[in-house]
Amino acid sequence: MGTMVKVGMADLNVCLPPDAITTLGLGSCVGVVLYDPTHKISGMVHVMLPDSTKIRNNENVAKFADTGIEELLRKILALGASRSALVSKIAGGAQMFAFRTDNEMLKVGSRNVDAVKAKLAELKIPVLAEDTGLNYGRTIEFYPDTGNLLIKSVGKPTKTI
Amino acid sequence: MAEVKLEQMDNMQFDVLREIGNIGAGNATTALSQMINAKVDMKVPKVDLLEFKELGDLIGGAENIVVGILLTLEEDIDGMMMFLMEKGAARSMVRVMMGAYASEDESADFSEMELSALQEIGNIITGAYLSSLSTLTNMTIVASIPYMAIDMAGAILSVPAIEFGKISDKALLIETEFGDATEVVNGYFILIPTLDSYSSILTSLGL
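Residues numbered from 1 in each chain as written. Chains lettered and ligands numbered in written order. Predicted model: local features only at pLDDT ≥ 70, side-chain atom pairs only at ≥ 80, totals over all residues. Heavy atoms only, no water.

**Looking at the overall build of chain A**
Thinking step 1. The number of helices and strands found in chain A is 2 helices and 10 strands.
Thinking step 2. In chain A, the succession of helices and strands from N to C terminus is β-β-β-β-β-α-β-α-β-β-β-β.
Thinking step 3. Relative to the 2.2 N^0.38 estimate, which gives 15 Å for 161 residues, the radius of gyration of chain A is 15 Å and therefore close to what a compact globule would have.
Thinking step 4. Taking the principal axes of the C-alpha coordinates as reference, chain A spans close to 45 × 40 × 25 Å.
Thinking step 5. Relative to its full complement of 161 residues, chain A shows a buried share of 55%. (Helix = DSSP H or I, 4+ residues; strand = E, 2+ residues; numbered from the N terminus. Rg over C-alpha atoms; globule rule 2.2 N^0.38 Å. Buried < 20%, exposed > 50% of the residue type's maximum accessible area, 1.4 Å probe, protein only.)

**Section: the sheet that holds strand β6 (residues 87-92) of chain A**
Residue and element names in this part refer to chain A.
Thinking step 1. What the 5 strands build is an open sheet, ordered β2-β5-β4-β6-β7; its pairing is mixed. With partners counted over all chains shown, the strands left at the sheet margins are β2 (11-15) and β7 (127-132), one partner each. Averaged over all neighbouring strand pairs, the angle between strand axes comes to 10°, with direction disregarded.
Thinking step 2. In this sheet, strand β5 (residues 41-47) lies alongside strand β4 (residues 30-36) in antiparallel orientation, the contact comprising 7 bridges. Directly across from V32, in β5, lies its bridge partner V45.
Thinking step 3. Packed onto the sheet, helix α2 (residues 108-122) meets β4, β5, β6 and β7 and runs at close to 20° relative to β4. (Pairing = 2+ DSSP bridges. Axes fitted to C-alpha atoms, helices over the stretch in contact; angles between N-to-C directions. Contact = heavy atoms within 4.5 Å.)

**A closer look at the layout of surface pockets**
Thinking step 1. In this model, the second largest pocket occupies a volume close to 550 Å³.
Thinking step 2. What lines the second largest pocket is a set of 18 residues, and nearest its centre among them are A:N135, A:Y136, B:A149, B:I150 and B:D151.
Thinking step 3. Broken down by element, the lining of the second largest pocket gets its largest block of residues, 4 residues, from strand β6 (residues 147-152) of chain B.
Thinking step 4. Each residue belonging to the lining of the second largest pocket can be placed in one class, and the counts come to 11 nonpolar, 3 polar and 4 charged. (1 Å grid on protein atoms, 1.4 Å probe; cavity = no way out; pocket = protein on both sides within 12 Å on 5 of 7 lines; lining within 4 Å. Points joined across faces, edges and corners; volume = space filled by probe spheres on them. Nonpolar A, V, L, I, M, F, W, Y, C, P; charged D, E, K, R; others polar.)

**Overview of the side chain of A:E141**
Residue and element names in this part refer to chain A.
Thinking step 1. With respect to the helices, strands and loops of the structure, E141 is situated in strand β8 (residues 138-143).
Thinking step 2. Overall, E141 belongs to the buried group, its relative accessible area being 10%.
Thinking step 3. At 2.7 Å, the side chain of E141 forms a polar contact with the side chain of Y143. (Polar contact = N/O pair within 3.5 Å; in protein donor to acceptor, adjacent residues only side chain to side chain.)

**Concerning helix α4 (residues 112-137) of chain B**
Thinking step 1. Relative to the 38 Å expected for 26 residues at 1.5 Å per residue, α4(B) spans 37 Å between its end C-alpha atoms, a close match to the ideal helical length.
Thinking step 2. The first or second residue beyond α4(B) is B:N138, which carries a positive phi of 60°. (Expected span 1.5 Å × (residues − 1).)

**Points about the side chain of A:T67**
All names here are of chain A.
Thinking step 1. Turning to its location among the elements, T67 is positioned in helix α1 (residues 65-78).
Thinking step 2. For T67, a relative accessible area of 19% translates into the label buried.
Thinking step 3. Residues contacting T67, with those up to four places away along its chain left out, are S52 and V61.

**Regarding the pairing of strand β4 (residues 79-86) of chain B**
All names here are of chain B.
Thinking step 1. Buried residues dominate β4, accounting for 7 of its 8 residues.
Thinking step 2. Judged from the 8 bridges that link them, strand β3 (residues 65-75) and β4 form a sheet pairing that is antiparallel. What sits directly across from G68, in β4, is L84.
Thinking step 3. Connecting the antiparallel pair β3 and β4 is a turn made up of 3 residues.

**Description of the confidence of the model for chain B**
Thinking step 1. Here chain B averages 80 in pLDDT, while 89% of its residues score no lower than 70.
Thinking step 2. Looking over chain B, one finds the lowest element-wise mean pLDDT in strand β7 (residues 170-180) of chain B, namely 73, and the highest in β6(B), namely 90. (pLDDT = per-residue confidence, 0-100.)

**Here's the deal with the packing of helix α3 (residues 87-98) of chain B against α4(B)**
All names here are of chain B.
Thinking step 1. Between α3 and α4, the least distance of the axes is 10 Å, while the angle of their chain directions is 95°. Relative to α4, the element α3 lies roughly perpendicular. Note on element contacts: α4 touches α3 through M113, E114, A117, L118 and I121, opposite A90, R91, M93, V94, M97 and M98.
Thinking step 2. For the contact of α3 with α4, a count of residues per class yields 9 nonpolar, no polar and 2 charged. (Parallel < 35°, antiparallel > 145°, perpendicular 65-115°, else oblique.)

**Quick word on the packing of aromatic side chains**
Residue and element names in this part refer to chain A.
Thinking step 1. Following the criterion strictly, the structure yields 1 aromatic pair over all chains and no others.
Thinking step 2. Between Y35 and F142, the aromatic rings sit 5.0 Å apart at their centres with planes inclined by 75°, giving edge-to-face as the arrangement. Note that Y35 is positioned in strand β4 and F142 in strand β8, a separation of 107 residues in sequence. Considered together, Y35 and F142 belong to a single accessibility category, that of buried residues.
Thinking step 3. Sitting over the face of the ring of Y136, K156 holds its NZ or CZ atom 4.1 Å from the ring centroid. (Phe/Tyr/Trp six-rings, centres within 6.5 Å; stacked < 30°, edge-to-face > 60°. Lys NZ or Arg CZ within 6 Å of the ring centre and 35° of its normal.)

**Quick word on the environment of B:A161**
Thinking step 1. By secondary structure assignment, the location of B:A161 is in helix α5 (residues 153-165).
Thinking step 2. The exposure class assigned to B:A161 is buried, which follows from its relative accessible area of 0%.

**Points about the interface of chain B and chain A**
A common way to report how large an interface is uses the accessible area buried once the components associate.
Thinking step 1. Counting residues at the interface gives 30 residues for chain B, matched by 34 residues for chain A.
Thinking step 2. Taken over both partners, the interface formed by chain B and chain A buries close to 2,500 Å², and the fraction arising from carbon and sulfur atoms is 69%.
Thinking step 3. On inspection of chain B and its partner chain A, the count reaches 0 salt bridges.
Thinking step 4. At the level of secondary structure, the elements contributing two or more residues to the side of chain B that touches chain A comprise α2 (52-55), β3, β4, β6 and α5 of chain B.
Thinking step 5. No other element matches the 9 residues that α5(B) contributes to the side of chain B that touches chain A. (Buried area = accessible area lost by both parts, 1.4 Å probe. Salt bridge = Lys/Arg side-chain N within 4 Å of Asp/Glu carboxyl O.)

**Some points on the nonpolar core**
Thinking step 1. A:M48, A:F97, B:L17, B:F52, B:L84, B:F189 and B:L191 are the most contacted members of the largest nonpolar core, which totals 98 residues.
Thinking step 2. For B:L17, the residues in contact, after removing those within four places along its chain, are B:M9, B:V47, B:L172, B:I174, B:Y198 and B:L202.
Thinking step 3. Judged by nonpolar contacts, the second largest core, of 22 residues, contains A:V32, A:I76, A:A115 and A:L120. (Core = buried A, V, L, I, M, F, W, Y, C linked by side-chain atoms within 4.5 Å.)

This is the structure:
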């Protein structure tokens, strides 16, 4: 049995078999897994905000969809992942509170998902599977050995994508 | 106006924020105590500057199931106010309020009626917190209706965390824990003003 590598909020890390990688309680944030299935090299980033260029204080690259995915890509390539083999799986981006408002500030979940997809498309990394949106939190676990992403939510059966 | 940088707050500013937590939560605890007709004690408020990584572990771990009530604040103070309690505590509170109308089953989901009671509890006690804050600072605070979610603590705390993420790599929380003698009813108040509102609050208090 391998160990479970933890990724916190606005954090990223890499993972090789037999270990697995997890992030707990994703709300409006998005968990992005980058994965090279041939070499079984994987990494996960837990992004909070869509766009680093809109924010002045951005020392933590893992906080944003654009810079977080770039940094994660750099890290797994450094481990020997093949650039052309890379695929991704994403989860999260929920709207936790049913705000009755048009305030865009409070709909950050769907903006995060859009930003992640735009960045992955720009980098030509296909999204193999996703479990995004809706209104509940998710804990995700990725197993580089099998390429499975497990999604656990409160009061729902565990899902594998 | 007092210049505020989250990473560079001095002890004096921390003390003032702690005192705000004290007065706000003091009033809220009194309101709660009257509502459930039992003595409720409050712990000394904490003012914490946390990294986002640590935030999820605040209330019994990121996967702990909590009831979160959130109000957005406008006018002189912008930001959010949150009231969080563990699911078991919420269950006890509903039982105290509704008596025989509340479900006996610990693990059952809350009924419509119970959810509505919880929302009202949240409304009354956050109202008490905010009105004392407003009186103290002489600032107008307009709160939204209370929004409620029951989910993993990490997922619920991601909402205020994202707001902080826009201005800083850390989150500043004014946090007060309370509980009754048997610790059956406990929870947390968290006040999350925007950076500008911190300046306004401190300025209004003469700092």
